[in-house]
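Residues per chain, in single letters:
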Amino acid sequence: MRSVALSALLVVAASSVSATDEQPKPAFTSTSIKAPFLEQFTDDWSARWTPSEATKKTAVGGETWSYVGKWEVEEPLEPVLDGDKGLVAKNKAAHHAISAPFSKPIKFDDQPLVVQYEVKYQKGGNCGGGYVKLLEDGFQTAGKEFDDKTPWTIMFGPDLTCPGTKIHFIFRHKNPINGEFEEKHLKLPPKPAFGKQTNLYTLHLFPNNTYDVLFNGESYNLGNVLEDFNPAVNPPAEIDDPEDTKPEDWVDAKRIADPEATKPEDWDEDAPYEIPDEEAVKPEGWLDDEPETIPDPDAEKPEEWDDEEDGEWIAPTVRNPKCDEAPGCGEWKRPYKANPAYKGKWYAPMIDNPAYKGEWAPRKIPNPAFFEDLTPVKSLVPIGGVGIELWTMTEDILFDNLYVGHSVEDARKLAEETYFVKKSLEDALEKASTKADEEDEHEPASFKEDPAEFVRNKVFKFIELAKIDPLLAFKTHPETGASLVLSVVTLFGMLGVLFGFVGAQQKPITKSTKKTDAPTPDDKKKTETAPVAPAGGAKDETPVKKRK
C-alpha cells in the first residue's frame, strides 16, 4: 500500500507541473526594425551567408589548415524563446569562417556606425573567439575564399583569451603618405566575465572620433579614437635622430663615491658577523657520552641477506630515546651571537658628481613619416560585408541578432525585443538551477535513512525547476523525471488491471435453503445409525434411544 501511495504522490506532482505550473515560453517574432544589415538567422539565412572553403597557411608557410569548422543555424541548447535560432560554430579545435555581404556599402562620412550582436558560449570554455570583422568594400564577395587575409576595416567583439576575457575593438587605419594600413588596438579593452548566458556586445563609433563600447547594454569604455589606441593614429611630429651618438666625454653618472673619503683606523673589515657566546653555560643534565642516534634495537637482519654478496648487515639508526628525556646529547657547543664589533666591508660615501651633465638623449629631428589625420573615423575605408573568422577550442558558440547600421535608438530597441527578453528568462533559469544546486549541497537524508523525505525532496526540486522550464528540469534531474513518468504509467496500468478483472473475478451468490426444525428422512437415517464398537470390544445390541 505504501508503494501505491508513493506512486500516487509522484503522479500528483507531475500533474501539478504539467497542468498548472508550466508556463508557455514566449515565441520568437521577427523584428520590424530596418537597417543596412540586420540578421536574425531566419529560415532563409543560407541565401545571405557563405561558409568559407579557403585554406589557411602558417606564418612560415608550411602546415596548412582548412576552415573545416561546421556552421549550423539551430535553437540554443537551453532555449528560452520558442522558434528562436542562432548561427552556431559547432566544432572545437577547428577553424571557422563565414561571411555575408551588405546590400550596399556603409560609409563613415556623416553618420555614426552602430554594431550590435549577441554571443552565447553555451558550453563555457576558456579559448574561443566571438568577434566579427567588418570587411572592406570590394571584398565582401570573397565568400568561399574568405580567410584571415581578407581585408577588413573594424574588428569587434568578445574573445576568450586562454585564460581571461577581452572585448576587442580594433580598426585598420590607412597612412595617407605611404598608403600602408596599420592596426590600432584599444589600449584598455573591457574584460567582463562572459559565463554561459547570452551576452550583448555593442559598438558606437561617431564621426567626431568618439566611441562607446557597451556590454549587455551598459557602457564599459567611452573615449576618443585619437587618444585611446595603440599605436596612436597620428605619429609624433619629431623623432630621435638615428645618426646622433653620445659623446665619449659625456658624464651621465649622477652620484659618485667621495674620492676624498678614507676608511677609519678602527674599521675592521675582517671581524666575523657572529661569534661564540662566552656567557652561555651547558644545561644541567646534558648527556655528553650519549650519541644522538643509536642502532634500531627492533631491527632484524633479513633472511635473504647474504653477507658475502651484500656485505656486513648494519642495523638502521633511530633517535636515542635518552636524548628526548635530557636537554641534549653528544658534545655540547656554545651557541653563536651577533658580533658587536662587526662592521663589514668599508665603502666611501656617495656624493653628487660635479661633472654630471644629465641623461643623454639623441637630438630630435622632424619625422619624415609624420602626418596628421584629425578625422580618422571619416577616413576609414567603407565596409561592404561582415565576416566571422576564428579559431576556437570551445564548441557550440552561438551568434544572433546582428545589427550593423546608423541608429543608436534602433539598436537599443532591437535589444529590448530580443536580448533583454532572453536575459530575464535565463536569469530565472540560472536562479532556479543555483537554488537546486544549493539544496543538493544540504541533502537532508539518504534514501536508506528516510525514503519518504528523500523522494519528497527530489520531487519538489524537480517541480520548482519545471515551473520555469520542464525540458531543463528533465535534463538536470533525469532520474526524478523518469520516476515520475514511470509512476504515471504504473498507476494507470494498475488501475487498468484493477477495473478490468474485478468483474470477472466475482462469483454468483446462491440462495441458501431455509432450515426448519422438522426432521427430514435423511436426518432420521443418520440418527438411527448404530455406533461403531471399539476395536477388540464386544458389540452391544443395545437399541438406539429415540428422542420422544
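Right above here is the structure, for reference.
A few points on the structure. Predicted, not measured: the structure shown is a model, and the values here were computed from it. (Residues numbered from 1 in each chain as written. Predicted model: local features only at pLDDT ≥ 70, side-chain atom pairs only at ≥ 80, totals over all residues. Heavy atoms only, no water.)

Applying the stated rule across the entire model yields 2 disulfides. Between C127 and C162 runs a disulfide, and the two sulfur atoms are separated by 1.8 Å. Highlighted residues: C127 in strand β9 (residues 127-129) and C162 in the loop between β11 (152-161) and β12 (165-174), separated in sequence by 35 residues. Sulfur-sulfur distance for the disulfide between C323 and C329 comes to 2.0 Å. For the disulfide bridge between C323 and C329, the dihedral angle about the S-S bond is near -125°, and by the sign convention the bridge is left-handed. Disulfide partners in the protein, listed by the sequence order of the bonded cysteines, are 1-2, 3-4. (Disulfide = S-S within 2.5 Å. Helix = DSSP H or I, 4+ residues; strand = E, 2+ residues; numbered from the N terminus.)

With that out of the way, let us pick up the nonpolar core. One finds L113, I154, F156, F169 and L205 to be the most contacted residues of the largest nonpolar core, which totals 56 residues. Not counting residues up to four positions away in its chain, the partners in contact with F169 are I154, M155, F156, K184, H185, L186, L203, L205, Y211, V213 and F229. (Core = buried A, V, L, I, M, F, W, Y, C linked by side-chain atoms within 4.5 Å. Buried < 20%, exposed > 50% of the residue type's maximum accessible area, 1.4 Å probe, protein only. Contact = heavy atoms within 4.5 Å.)

Now for a nonpolar patch on the surface. Where nonpolar side chains cluster on the molecular surface, the patch consists of F492, L495, L498 and F499 and spans about 460 Å² of accessible area. As for its placement among the helices and strands, L498 is situated in helix α8 (residues 478-505). We classify L498 as partly exposed; its relative accessible area is 47%. (Patch = residues over 30% accessible without salt bridge, like charges linked within 9 Å, V, L, I, M, F, W, Y side chains within 5 Å. Areas by Shrake-Rupley, 256 points an atom, 1.4 Å probe, with all protein chains shown as cover. Salt bridge = Lys/Arg side-chain N within 4 Å of Asp/Glu carboxyl O.)

Right, let's get into the packing of aromatic side chains. Scanning the entire structure with this criterion turns up 18 aromatic pairs. With centroids separated by 5.6 Å and ring planes inclined at 35°, the aromatic side chains of F41 and W49 adopt a geometry described as tilted. The pair formed by F41 and W49 is uniform in burial state, with each residue classed as buried. Note on F169 and F229: the rings are 5.2 Å apart at their centroids and 85° apart in plane angle, and the pair reads as edge-to-face. With F169 in strand β12 and F229 in strand β17 (residues 229-230), this pair connects stretches of sequence that are 60 residues apart. The exposure classification of F169 matches that of F229, with both residues buried. Following the ring pairs from residue to residue traces out a cluster consisting of W71, Y117, Y121, F194, Y201, F215, Y220 and F399. The ring centre of W152 lies 5.8 Å from the NZ or CZ of R172, which sits over that ring. Positioned above the aromatic ring of Y347, the side-chain terminus of K345 is 6.0 Å from the ring centre. (Phe/Tyr/Trp six-rings, centres within 6.5 Å; stacked < 30°, edge-to-face > 60°. Lys NZ or Arg CZ within 6 Å of the ring centre and 35° of its normal.)

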